[in-house]
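Here is what each chain is made of, one letter per residue.
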Amino acid sequence: MSLSERLKKKSVKFERVTVDGDVYIVTGKSKLELGKIRANARRKDGSLNTDKLEAELLVSCVTDEGGTSATANEWEHASSHVTGPLVTAVISVCGMDRDDLKRDDPKDSDSIES
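This report concerns the structure included in the present document.

Calculation notes
- Residues numbered from 1 in each chain as written.
- Predicted model: local features only at pLDDT ≥ 70, side-chain atom pairs only at ≥ 80, totals over all residues.
- Heavy atoms only, no water.
- Core = buried A, V, L, I, M, F, W, Y, C linked by side-chain atoms within 4.5 Å.
- Buried < 20%, exposed > 50% of the residue type's maximum accessible area, 1.4 Å probe, protein only.
- Helix = DSSP H or I, 4+ residues; strand = E, 2+ residues; numbered from the N terminus.
- Axes fitted to C-alpha atoms, helices over the stretch in contact; angles between N-to-C directions.
- Parallel < 35°, antiparallel > 145°, perpendicular 65-115°, else oblique.
- Contact = heavy atoms within 4.5 Å.
- Nonpolar A, V, L, I, M, F, W, Y, C, P; charged D, E, K, R; others polar.
- Pairing = 2+ DSSP bridges.
- Left-handed = near helix turned anticlockwise from the far one by under 90°.
- Salt bridge = Lys/Arg side-chain N within 4 Å of Asp/Glu carboxyl O.

Right, let's get into the nonpolar core. In terms of nonpolar packing, the biggest core is built from 24 residues, with Val 26, Leu 57, Val 62, Leu 86 and Val 90 touching the most fellow members. Elements with a contribution of two residues or more to this core: strand S1 (14-19), strand S2 (22-27), helix H2 (31-40), helix H3 (50-61) and helix H5 (80-93). Sorting elements by how many residues they give to this core places H5 first, with seven residues.

Another point: the packing of H3 against H5. It is the contact of H3 with H5, at a shortest axis distance of 10 Å, that shows an interaxial angle of 75°. Taken together, the axis directions place H3 and H5 in an arrangement best described as roughly perpendicular. Side by side, H3 and H5 meet where Glu 54, Leu 57, Leu 58 and Cys 61 of the first sit next to Thr 83, Leu 86, Val 87 and Val 90 of the second. Of the residues belonging to the contact of H3 with H5, the class tally is six nonpolar, one polar and one charged.

What follows covers the sheet that holds S2. Pairing is antiparallel in the open sheet, where three strands are placed in the order S1-S2-S3. Taken across any chain shown, the strands that pair with only one partner, and hence form the sheet edges, are S1 and strand S3 (62-64). Strand-to-strand twist of the sheet, defined as the mean angle between neighbouring strand axes without regard to direction, takes the value 30°. As judged from the three bridges shared by S2 and S3, these two strands associate in the antiparallel manner. In the sheet register, Ile 25 faces S3, and the bridge partner there is Thr 63. Sitting on the sheet, H3 is in contact with S2 and S3, with an inclination near 45° to S3. Against the sheet, H5 contacts S1, S2 and S3, and its axis sits at roughly 165° relative to S1.

A separate point is the packing of H2 against H3. Two numbers describe how H2 lies on H3: the axes approach to 9 Å, and their chain directions differ by 140°. The angle between the axes of H2 and H3 places the two elements in the oblique class. Regarding H2 and H3, the two cross each other, and that crossing is right-handed. Packed against H2, whose contacting residues are Leu 34, Ile 37, Arg 38 and Asn 40, the element H3 presents Lys 52, Leu 53, Glu 56, Leu 57 and Ser 60 at the interface. Among the residues making up the contact of H2 with H3, the classes are represented as four nonpolar, two polar and three charged.

Next up on the list: the pattern of salt bridges. Applying the stated rule across the entire model yields two salt bridges. A salt bridge links Arg 16 to Glu 65; its shortest N-O distance comes to 3.0 Å. Taken together, the residues span a long stretch of sequence, with Arg 16 in strand S1 and Glu 65 in the loop between S3 and helix H4 (72-76) at a distance of 49 residues. Taking the relative accessible area as the measure of exposure, Glu 65 reaches 53% and is therefore exposed.

Okay, here's the thing in structure tokens:
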């Protein structure tokens, strides 16, 4: 089986997270989708707005068990004891690390060389 065929068969990773008795479904995204989310979290000057990035990742990756998501504004005003574990799960299912939330340009990663 070719690499292309194997990649197509890979399912998106997801995780069930329970916070204060509420169950959330955290679903991973493709590299392309993550790039679009990151682009949408940029300020007019091109710098990364890390608060907006976290909110946009929560909007895109987190739903309740019925598939309902919250808006960026709702996530921005949610308690950090709720968003913290969810952001940790988003990082995991999307194959990211905490530094990706702060790094202005993902190419600055020590693990990627040009």
